[in-house]
Amino acid sequence: MSNRIWVSWLTRWGIVLIVSLITLAPVIWVLSLSFKPPQEWLAYPPTLIPRQPTFENYLVLFWPGNPVGVVSEMVRTAEPVTRAFVNSLLIVPISTALSIIIGFLAAYGISRFGAGGNFLPFSVLTTRMFPPIAFAVPLLVYYRSLGLIDTHLGLILMYTTFTLAFSLWMIKGFIDGVPRHIEEAAILDGASRWRVMFTITLPLIRGGLAAAALFVFIMNWTEFLFALVFTSRFAVTLPVQVSRYAGAVGRYYGPQAALGIVASIPVLVAGYLIQRYLVRAFTFGLVK
């Protein structure tokens, strides 16, 4: 019996280890490449740990050609990623917050009052049923008439709209898991509906809100099509800049790897900050 337990334990952990290696191997390699000098980018045999680690691949992302160095000379003509990085840090959190706030209010109305009838939740999903390119051309004409092309406000409104269906449906599932009798007891004690919503329901589903916010944040942070079509210079986001940078520097893999790591940091930070809420969110409703 003890041998069977050991075999089962080793099998489970062996599978976990193999899956982890397959998943993390590209990330580890990109991280290693981002610290390598040019002579090690295509070295054979390849090395995982840089022999002469350098931060120049990161510095040239924000200050091409300054300080002067081997990598700086290679990518001198590339555009700095500072503007795109700041734009993403401004647009994505605001649009995520708006999507979660509106999604929570709408989900509460649908879950508790049946607002809009039975068809409303499904009609909201139409924004996710069609490919985004189907909306691009008519929205481009509409945005041009409103002067929202290449503006932060334009992308914020678009990201909020196209992630609202996701946040509404996800949050609605958590609200449905809150027993109605808890709210009814508070109302009988004299609490208003608004107070019940914000002091009882909201604290109970804060883990679900955090999970929804993380997924919406990732969707907005990695969105490429709308940012490419509706921006040109002032409101360019990081995914578009990554594409432009790859085309500008060609086979200079060190700066490209560094840019990939920089683009991943905000998502990792957001996930780390709300990780304690995720387990609570995914197990919500299992134990009453």
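Structure: above.
Remember, it's a predicted structure, so these values are computed and weren't measured experimentally.

J.: Before we move on, could you go through the overall build of the protein chain and cite the residues and values that matter?
T.: Regarding its fold elements, the protein chain presents 15 helices and 0 strands. The burial tally for the protein chain puts 40% of its 288 residues in the buried class. Sequence-distant contacts in the protein chain: of pairs separated by 6 or more residues, those separated by 24 or more amount to 70%. Of the accessible surface of the protein chain, which amounts to about 16,500 Å², a share of 72% is contributed by carbon and sulfur atoms.

J.: So what's going on with the nonpolar core? Which residues, and what values?
T.: Core analysis: the biggest nonpolar cluster contains 34 residues, and Leu61, Trp221 and Leu238 have the highest contact counts within it. Secondary structure elements with two or more residues in this core: helix H2 (56-62), helix H4 (82-113), helix H8 (152-176), helix H11 (206-221), helix H12 (225-230), helix H13 (238-249) and helix H14 (253-273). Broken down by element, this core gets its largest block of residues, 7 residues, from H14. Not counting chain neighbours up to four residues away, the residues in contact with Leu238 comprise Ala84, Phe85, Ser88, Trp221, Leu259 and Ala263.

J.: Any chance you could break down the packing of H4 against H8 for me, citing the residues and the numbers?
T.: Helix-helix packing: each pair is described by the crossing angle between the helix axes and the interaxial distance. Two elements in contact, H4 and H8, have axes whose closest approach is 6 Å; the angle formed by their N-to-C orientations is 40°. It follows that H4 is oblique to H8 by the angle criterion. At the point where H4 passes H8, the crossing takes the right-handed sense.

J.: Which residues make up the environment of Leu238, and what are the values?
T.: Examined against the element boundaries, Leu238 turns out to sit in helix H13. What makes Leu238 buried here is its relative accessible area of 1%. Spatially, the C-alpha atoms of Leu238 and Arg83 are 8.7 Å apart, while their sequence positions differ by 155 residues.

J.: Got a sec to walk through the pattern of salt bridges? Specific residues and values, please.
T.: Think of it this way: side chains of opposite charge can pair up when their charged atoms draw near. Counted according to the given criterion, the structure contains 3 salt bridges. Across the salt bridge formed by Asp176 and Lys172, the nearest N and O atoms sit 3.0 Å from each other. Here Lys172 and Asp176 lie together in helix H8, a separation of 4 residues that amounts to about one turn. Via salt bridges that share partners, Arg112, Glu183 and Arg193 belong to a single interconnected network.

J.: Before we move on, could you go through the packing of aromatic side chains and cite the residues and values that matter?
T.: Overall, the coordinates contain 16 aromatic pairs when judged by the stated rule. Ring geometry for Trp9 against Trp13: centres 6.2 Å apart, planes inclined by 50°, an arrangement best described as tilted. With Trp9 and Trp13 both in helix H1 (residues 2-34), this residue pair falls 4 residues apart, about one helical turn. On the basis of relative accessible area, Trp9 is assigned to the partly exposed category, the value being 37%. By relative accessible area, which is 51% here, Trp13 ends up exposed. A ring pair is formed by Phe226 and Phe230, whose centres lie 6.0 Å apart and whose planes are at 55°; its orientation type is tilted. Here Phe230 and Phe226 lie together in helix H12, a separation of 4 residues that amounts to about one turn. Above the face of the Phe234 ring, Arg233 is positioned so that its terminal group lies 5.9 Å from the ring centre.

J.: An account of H11 is needed here, citing residue identities and associated values.
T.: Taking 1.5 Å of rise per residue, the 16 residues of H11 would be expected to cover 22 Å, and the 22 Å separating its terminal C-alpha atoms lies within 8% of that figure. All of the buried residues in H11 are Gly207, Gly208, Leu209, Ala210, Ala211, Ala212, Leu214, Val216, Phe217, Asn220 and Trp221.

J.: I'd like to hear about a nonpolar patch on the surface, residue by residue, with values.
T.: A cluster of nonpolar side chains, Leu90, Ile94, Leu98, Ile101, Ile102, Leu105, Trp194 and Phe198, forms an exposed patch at the surface whose accessible area comes to about 720 Å². Contributing elements (two or more residues each) for the nonpolar patch: H4 and helix H10 (193-204). No other element matches H4, which puts 6 residues into the nonpolar patch. Along the chain, the position of Phe198 falls in helix H10. For Phe198, a relative accessible area of 39% corresponds to the partly exposed category.

Procedures and definitions
- Residues numbered from 1 in each chain as written.
- Predicted model: local features only at pLDDT ≥ 70, side-chain atom pairs only at ≥ 80, totals over all residues.
- Heavy atoms only, no water.
- Helix = DSSP H or I, 4+ residues; strand = E, 2+ residues; numbered from the N terminus.
- Buried < 20%, exposed > 50% of the residue type's maximum accessible area, 1.4 Å probe, protein only.
- Contact = heavy atoms within 4.5 Å.
- Areas by Shrake-Rupley, 256 points an atom, 1.4 Å probe, with all protein chains shown as cover.
- Core = buried A, V, L, I, M, F, W, Y, C linked by side-chain atoms within 4.5 Å.
- Axes fitted to C-alpha atoms, helices over the stretch in contact; angles between N-to-C directions.
- Parallel < 35°, antiparallel > 145°, perpendicular 65-115°, else oblique.
- Left-handed = near helix turned anticlockwise from the far one by under 90°.
- Salt bridge = Lys/Arg side-chain N within 4 Å of Asp/Glu carboxyl O.
- Phe/Tyr/Trp six-rings, centres within 6.5 Å; stacked < 30°, edge-to-face > 60°.
- Lys NZ or Arg CZ within 6 Å of the ring centre and 35° of its normal.
- Expected span 1.5 Å × (residues − 1).
- Patch = residues over 30% accessible without salt bridge, like charges linked within 9 Å, V, L, I, M, F, W, Y side chains within 5 Å.

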